[in-house]
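Structural features, examined
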Amino acid sequence: MNNRNLKENRLNNWVSLTFRLGAAVSLALIIIGIIILLITPGAADIQPLVRLDEISAATVISIGILLLLLTPIIQVIITVALFSASKDRLFIGIAIAVLCLAALSFAIALL
Amino acid sequence: MLLCRATPLDGLNLWALGGTGLVAGILGSALGVGGGFLMVPILTLALGLPIKVAIASSLVAIVANSCTAAGIYTKARLTNIRLGLLLETVTIPGAIIGGFIAAVIAPSILSAIFGLALIYAAYTMLTPKQLMYEDNSSANGSMARNIATDNLSASLANSYYDQNLDKIVTYKVNRTPAGLVAGFFSGILSSLLGIGGGVVNVPVTHLIMGVPIKAAIATSTFIITITTAAGALIYHFHGHIYPFIIAPLVIGIIIGARIGVELTQRAGGILLRRIFGVFLIIIAILMFLKTANVI
């Protein structure tokens, strides 16, 4: 296996692992939250995230959701690290640009 | 502040939300389109949720769908990570600009124009000549790394094992500048018309850049993860995320995503193109109905 293939395999493995781990941990937290919800009487009213501190089931589910939403961001950061390790300057720049653009779109939407 | 009606999340809603997620997960991951086109109407019309809550819930579910699918697609090396990142650099600015344009012009005319563009893309997907190309893509791409003339093209060339063909498919990425320009405009359109990025990502990467349909679907799924997560975080910041609505949706969609990915990996490229072509026609009809204010 040549050097390029080794680098590609490492990149694919890490990105895949990040996605799968993020989705699996989030799913586990959400299922735990649902179980708490089902065994806790009176906790089933739909509540917004801002009141999550009042209901433990919502807290657990909300942490799972936040982890899920941060997974793609974490994945891009890991990609930057992997490109840095392989000294792929072009794609270090592209991955950092993606992070900056995502941050910019977030900032603009909040204005 | 309670933004949503405080309806008890009874058994029926739980199953309805989970079922919606399951179907959206299968279709969204199999076609690389997320699944929002299905979830938002069901959440608003059938379950009576406010539109912002429905969109926010749909976005979170799409992140769950795309992360699950992208994890499997990437493990199978179907995702072209470099191409995905490169396209992100133009689709995100396009989406930002589309958001500004949407504030000053009515998108109804654009919906009709976009509908026509989708009909053309569907026609291209379904014509016999193009269907034959799908089977030849591996042969065309077999010399990819020899043909590539610059660093970028060489970096974007990729290969994967096709379960249906039982062989390694190697391909190169053609017309990168044209693909980037198309990606920029697709970002504008997706933001302006409120359609998922996958509807345009897949035709752009497949029809313009010559990426095999399976790799195009996987790469589109990868692109959707970050764009949708950014959108969902904005809704989260504004307090439109309702954990008890999202939880059953996410469980359903993650199960659906695994089924959808399995279907895509086993399906033939021609079948996938046909299904995607029909899907584009359905979206085009919805665009025309939107123009006519029917929906």
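To keep things clear, this report deals only with the structure shown in the data block. (Residues numbered from 1 in each chain as written. Chains lettered and ligands numbered in written order. Predicted model: local features only at pLDDT ≥ 70, side-chain atom pairs only at ≥ 80, totals over all residues.)

1. Let's talk about the overall build of chain A
As a reminder, the rule being used: The numbering of helices and of strands both runs from the N terminus, where a helix is a DSSP run of H or I of at least 4 residues and a strand a run of E of at least 2. Note on burial: count the other C-beta atoms lying within 10 Å of the residue's C-beta; 20 or more is buried, 12 or fewer is exposed, in between is partly exposed, and C-beta positions come from the backbone. What counts as a contact is two residues whose backbone-derived C-beta atoms lie within 7 Å of each other.
Of the regular secondary structure elements, chain A holds three helices and zero strands. The secondary structure elements of chain A, listed N-terminal to C-terminal, are α-α-α. Burial analysis of chain A (111 residues in total) assigns 39% to the buried set. Across chain A, contacts joining residues at least 24 apart in sequence account for 58% of those joining residues at least 6 apart.

2. A few points about the pairing of strand S1 (residues 158–162) of chain B
Heads up, the condition is: One requirement defines pairing of two strands: DSSP has to find at least two bridges between them.
What you see with S1(B) is a clean split: Asn158(B), Tyr160(B) and Asp162(B) sit on the buried side and Ser159(B) and Tyr161(B) on the side with no burial. If you look at the hairpin formed by S1(B) and strand S2 (residues 167–171) of chain B, you'll find four residues sitting between the two strands, and Asp166(B) has a positive phi there, around 55°.

3. As for the pairing of S2(B)
Where S1(B) lies against S2(B), five bridges are found, and the strand directions are antiparallel. Note that in S2(B) the partner of Tyr160(B) across the bridge is Val169(B).

4. A word on helix H2 (residues 56–85) of chain A
Residue and element names in this part refer to chain A. For clarity, the cut-off: By definition here, a helix of n residues has an expected span of 1.5 Å times n minus one. Bend is the name given here to the angle between axes fitted to two runs of seven residues, the run ending at a residue and the run starting at it.
Spanning 30 residues, H2 covers 41 Å between terminal C-alpha atoms, matching the ideal 44 Å at 1.5 Å per step. The largest bend along H2 measures about 35° and falls at Thr71, with the proline Pro72 one to four residues further on. Phi for Lys87, located one or two positions after H2, is positive at around 55°.

5. Some details on the packing of helix H5 (residues 108–126) of chain B against helix H13 (residues 269–291) of chain B
Residues and elements named next belong to chain B. Rules: Each axis is a line fitted through C-alpha atoms, taken for helices only over the stretch in contact, and angles between the N-to-C directions span 0 to 180 degrees. Roughly parallel here means an angle under 35 degrees, roughly antiparallel means over 145, roughly perpendicular means 65 to 115, and every remaining angle is called oblique. Take the far helix as the reference: if the near one is turned anticlockwise from it by less than a right angle, the crossing is left-handed, and if turned clockwise, right-handed. Note on residue classes: Ala, Val, Leu, Ile, Met, Phe, Trp, Tyr, Cys and Pro are nonpolar, Asp, Glu, Lys and Arg are charged, and everything else, Gly too, is polar.
Two elements in contact, H5 and H13, have axes separated by 8 Å at closest approach and are oriented at 160°. Between H5 and H13, the interaxial angle falls into the category roughly antiparallel. Here the hand of the crossing between H5 and H13 comes out left-handed. Of the residues in H13, those touching H5 at Ser108, Ser111, Ala112, Phe114, Gly115, Leu118, Ile119, Ala121, Ala122, Met125 and Leu126 are Arg273, Arg274, Phe276, Gly277, Leu280, Ile281, Ile283, Ala284, Met287, Phe288, Lys290 and Thr291. When grouped by side-chain class, the residues that make up the contact of H5 with H13 number 15 nonpolar, five polar and three charged.

6. Let's talk about unusual backbone geometry
All names here are of chain B. Located in the positive-phi region is Arg77, a residue other than glycine, with phi close to 65°. On the secondary structure map, Arg77 appears in the loop between helix H3 (51–75) and helix H4 (81–104). With a phi angle near 55°, Asp166 is a residue other than glycine that sits in the positive phi range. For Asp166, the position within the fold is in the loop between S1 and S2. Look at Asp166 and you get exposed, because 7 C-beta atoms sit within 10 Å.

7. Some words on the environment of Pro93(B)
Assignment of secondary structure puts Pro93(B) in helix H4. Along the primary structure Pro93(B) and Ala267(B) are separated by 174 residues, whereas in three dimensions their C-alpha atoms are 34 Å apart.

8. Considering the interface of chain A and chain B
Each partner contributes to the interface: chain A provides 47 residues, whereas chain B provides 51 residues. At the level of secondary structure, the elements contributing two or more residues to the side of chain A that touches chain B comprise helix H1 (3–39), H2 and helix H3 (89–110) of chain A. A per-element tally of the side of chain A that touches chain B places H1(A) first, with 15 residues. The residue makeup of the side of chain A that touches chain B, split by class, is 35 nonpolar, 10 polar and two charged.

Honestly, that's just the spatial picture; any functional story needs more than this.
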